[in-house]
Amino acid sequence: MTDDTDKIKNVSSRIPSDKVNLKVILVSACTKDFPFNSTDTVSLVTQHIYDNWPQDWPDDERPDKNILRLIYQGRFLHGNVSLAALQLPLGKTTVMHLVARETLPEPSGQGSSRKDKGQGSRSTRQRDVEQPGCCCIIS
């Protein structure tokens, strides 16, 4: 275990204190660390990753740069969001996933489609019973 601890300490000591270190993970589990400024946007980050695609990453996982998306804490990040807005720690490593996806879901706070249809005050159970589709009732 000492060797693993030493490796982690060595990586941490190489991260500049004014940079955000992103460990990017592909679906294939390939990883790579990239340092960024906190003012950089998600669009700039994905462009940089595309332009500096690691040689040991499979080329067949390199989609068109326009559909590269970052996922952080289970949420897709929109291109205009800065790393500072995500409150990522400087001088530390943050893990994000890189995937190919053409469209993004609406940002949170936009309301769900059901609320937009005037059903925002009904309980989930009432909506599920009244909406067509699959239903599972456990008694």
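Residues numbered from 1 in each chain as written. Predicted model: local features only at pLDDT ≥ 70, side-chain atom pairs only at ≥ 80, totals over all residues. Heavy atoms only, no water.

Engineer: Please provide a residue-by-residue account of the overall build of the protein chain, values included.
Structural biologist: Within the protein chain one finds 4 helices and 5 strands. Taken from the N to the C terminus, the helices and strands of the protein chain come in the order α-β-β-α-β-β-β-α-α. Taking the contacts inside the protein chain whose residues are at least 6 apart along the sequence as the reference set, 61% of them involve residues at least 24 apart. Summed over its atoms, the accessible surface of the protein chain is roughly 9,900 Å², and 48% of this surface lies on carbon and sulfur atoms. (Helix = DSSP H or I, 4+ residues; strand = E, 2+ residues; numbered from the N terminus. Contact = heavy atoms within 4.5 Å. Areas by Shrake-Rupley, 256 points an atom, 1.4 Å probe, with all protein chains shown as cover.)

Engineer: Go over the pairing of strand β2 (residues 31–36) with me, naming the residues and quoting the values.
Structural biologist: Here 6 bridges tie strand β1 (residues 20–25) to β2, and the two strands are oriented antiparallel to one another. Paired with valine 24 across the strands is lysine 32, a residue of β2. Connecting β1 to the antiparallel partner β2 that follows it, the hairpin turn spans 5 residues, and alanine 29 within it adopts a positive phi of roughly 80 degrees. (Pairing = 2+ DSSP bridges.)

Engineer: Summarise the pattern of salt bridges; cite the residues concerned and give the values.
Structural biologist: With the rule as written, the count across this model stands at 1 salt bridge. Aspartate 33 is paired through a salt bridge with lysine 23; the nearest N and O atoms lie 3.1 Å apart. Of this pair, aspartate 33 sits in strand β2 while lysine 23 sits in strand β1, placing them 10 residues apart in sequence. Residue aspartate 33 is classed as partly exposed on the basis of its relative accessible area, which comes to 26%. For lysine 23, a relative accessible area of 27% translates into the label partly exposed. (Salt bridge = Lys/Arg side-chain N within 4 Å of Asp/Glu carboxyl O. Buried < 20%, exposed > 50% of the residue type's maximum accessible area, 1.4 Å probe, protein only.)

Engineer: Quick rundown of the sheet that holds β1? Include the residues and the values.
Structural biologist: The mixed open sheet is built from 5 strands, whose spatial order is β2-β1-β5-β3-β4. Of all strands in the sheet, those with a lone pairing partner are β2 and β4 (75–76), marking the two edges.

Engineer: Which residues make up the confidence of the model for the protein chain, and what values go with them?
Structural biologist: For the protein chain, mean pLDDT is 77; residues scoring 70 or higher make up 65% of the total. In the predicted structure, residues 4–10 sits below a pLDDT of 50 and forms 0 contacts with residues beyond four places in sequence or in another chain. Segment residues 110–133: pLDDT under 50, and 14 contacts once partners within four positions in sequence are set aside and those in other chains are kept. (pLDDT = per-residue confidence, 0-100.)

Engineer: Please set out the nonpolar core residue by residue, giving values where relevant.
Structural biologist: Of all hydrophobic cores here, the largest spans 21 residues; its most connected members are Leu22, Ile49, Trp57, Leu83, Leu88, Met96 and Leu98. Elements with a minimum of two residues in this core: β1, β2, α2 (42–51), β3 (68–72) and β5 (93–100). With residues up to four places along the chain from it excluded, the contact list for isoleucine 49 reads Val24, Phe34, Phe36, Trp57 and Leu98. (Core = buried A, V, L, I, M, F, W, Y, C linked by side-chain atoms within 4.5 Å.)

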